Amino acid sequence: MDWTHYRFRTQWALSAAPATVYDALEQAEDYPRWWPQVRGVDRLDDTTGIITIRATLPYDLVFTAREVRRDRAAGVLEIAMTGDLEGWARWTIDGDGAHSLARYEQVVDVNKPLLRRLAVPGRPVFRVNHWLMMRAGRRGLAAYLEAV
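To start, this report covers the structure provided alongside it. Bear in mind the structure is a predicted one, so any value in this text is a computation, not a measurement.

### Things to note about helix H4 (residues 119-147)
- Over its 29 residues, H4 extends 40 Å from the first C-alpha to the last, a length consistent with the 42 Å expected when each residue adds 1.5 Å.
- Of all the bends in H4, the largest measures some 30° and sits at valine 125.

Structural data, given as C-alpha cells:
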C-alpha cells in the first residue's frame, strides 16, 4: 500500500438549485469567502491558479490547480493538481429544482515532505483532518448560498 496515496469521496446535500451550486463552486477565487480552510486562490490565467489550504492541523498545502473539465450541462467541474498534492479533484452537481447534491471526489498523492515522513502514523489523522475541512466547507457553502 502507498501510504501517501489518498482517495476521498464526500457528498453535500444543499438547499439550493443545482445551477446556483454550480455557479458558486465554479468561482474558485471566492472559496476563501465561505470556506475557512481555503486560505488563498491566486489566479494565474483563465484556467489555472495556485491554491493554499490549511485545515485543523498546523501545515499549509499549496498546489497549482488547472481546469480539466467545466461542463455546466453535466454539472461537472474537474481540476488537475500539482505541488504538495498531485492528482485530480472533481465536483459533480445534480438535483431537483430547489435541492442539490454536490459530490466531491479527489485522488491524490501527497508530495509535501513532512506529510510523506509521517505517512504511516499520520494517515488516520490526515483523513480526519480532510473530513473536518469538508464538513466546514459544506457548512460555509450552505450559509453563503442562503445569503446570496
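### Observations concerning the environment of leucine 77
- The topology assignment puts leucine 77 in strand E5 (residues 76-83).
- In this structure the C-alpha to C-alpha distance between leucine 77 and leucine 115, which are 38 residues apart in sequence, comes to 27 Å.

### What about the sheet that holds strand E6 (residues 85-95)?
- Strands sit in the order E1-E7-E6-E5-E4-E3-E2 across an open sheet of 7 strands; the sheet is antiparallel. Looking at which strands have only one partner, the edges of the open sheet turn out to be strand E1 (5-14) and strand E2 (38-43). Each strand of the sheet is rotated relative to its neighbour by a mean of 20°, with strand direction disregarded.
- Each of E1, E2, strand E4 (61-71), E5, E6 and strand E7 (100-110) touches helix H1 (residues 18-26); the most contacted strand, E6, lies at about 160° to it.

### Examining the packing of aromatic side chains
- Counting across every chain of the model gives 9 aromatic pairs.
- Members of the aromatic cluster, each reached through a chain of ring pairs, are Trp12, Tyr31, Trp34, Trp35, Trp91, Tyr104 and Tyr144.
- The aromatic ring of tyrosine 6 is capped on one face by arginine 123, whose charged end is 4.3 Å from the ring centroid.

### So, the pairing of strand E3 (residues 48-53)
- Of all 6 residues in E3, 5 are buried; the element is thus mostly enclosed.
- Between E2 and E3, which pair antiparallel one after the other, the connecting turn spans 4 residues.
- Note that E3 and E4 share 6 bridges and pair antiparallel. Looking at E4, one finds that threonine 52 is bridged to valine 62.

### Things to note about the pairing of E1
- Where burial is concerned, the two faces of E1 differ: the one with Tyr6, Phe8, Thr10, Trp12 and Leu14 is buried and the one with His5, Arg7, Arg9, Gln11 and Ala13 is not.
- Here E1 pairs with E7 via 10 bridges, running antiparallel. Paired with leucine 14 across the bridge in E7 is serine 100.

### Examining the pattern of salt bridges
- In this structure the tally under the stated criterion is 12 salt bridges.
- Between glutamate 105 and arginine 90 there is a salt bridge; the shortest N-O distance is 3.1 Å. Within this pair, whereas glutamate 105 is found in strand E7, its partner arginine 90 is found in strand E6, the two being separated by 15 residues in sequence.
- Taking relative accessible area as the criterion, glutamate 105 reaches 23% and is therefore assigned partly exposed.

### What about a nonpolar patch on the surface?
- A grouping of Met1, Trp3 and Val120 is seen on the molecular surface, where their side chains present a nonpolar patch of about 350 Å² in accessible area.
- Tracing the backbone through its elements, the reader meets valine 120 in helix H4.
- What makes valine 120 partly exposed here is its relative accessible area of 49%.

### Topic: the nonpolar core
- Ranked by size, the top nonpolar core spans 38 residues in total, and within it Trp12, Leu25, Trp35 and Trp91 carry the most contacts.
- Here the element with the most residues in this core is H4; it accounts for 5 residues.
- Filtering out sequence-adjacent residues up to four positions away, tryptophan 12 remains in contact with Trp34, Trp35, Trp91, Ser100, Leu101, Ala102, Met134, Gly137, Arg138 and Leu141.

What counts and how
- Residues numbered from 1 in each chain as written.
- Predicted model: local features only at pLDDT ≥ 70, side-chain atom pairs only at ≥ 80, totals over all residues.
- Heavy atoms only, no water.
- Helix = DSSP H or I, 4+ residues; strand = E, 2+ residues; numbered from the N terminus.
- Expected span 1.5 Å × (residues − 1).
- Bend = angle between axes of the 7 residues up to and from the residue.
- Pairing = 2+ DSSP bridges.
- Axes fitted to C-alpha atoms, helices over the stretch in contact; angles between N-to-C directions.
- Contact = heavy atoms within 4.5 Å.
- Phe/Tyr/Trp six-rings, centres within 6.5 Å; stacked < 30°, edge-to-face > 60°.
- Lys NZ or Arg CZ within 6 Å of the ring centre and 35° of its normal.
- Buried < 20%, exposed > 50% of the residue type's maximum accessible area, 1.4 Å probe, protein only.
- Salt bridge = Lys/Arg side-chain N within 4 Å of Asp/Glu carboxyl O.
- Patch = residues over 30% accessible without salt bridge, like charges linked within 9 Å, V, L, I, M, F, W, Y side chains within 5 Å.
- Areas by Shrake-Rupley, 256 points an atom, 1.4 Å probe, with all protein chains shown as cover.
- Core = buried A, V, L, I, M, F, W, Y, C linked by side-chain atoms within 4.5 Å.

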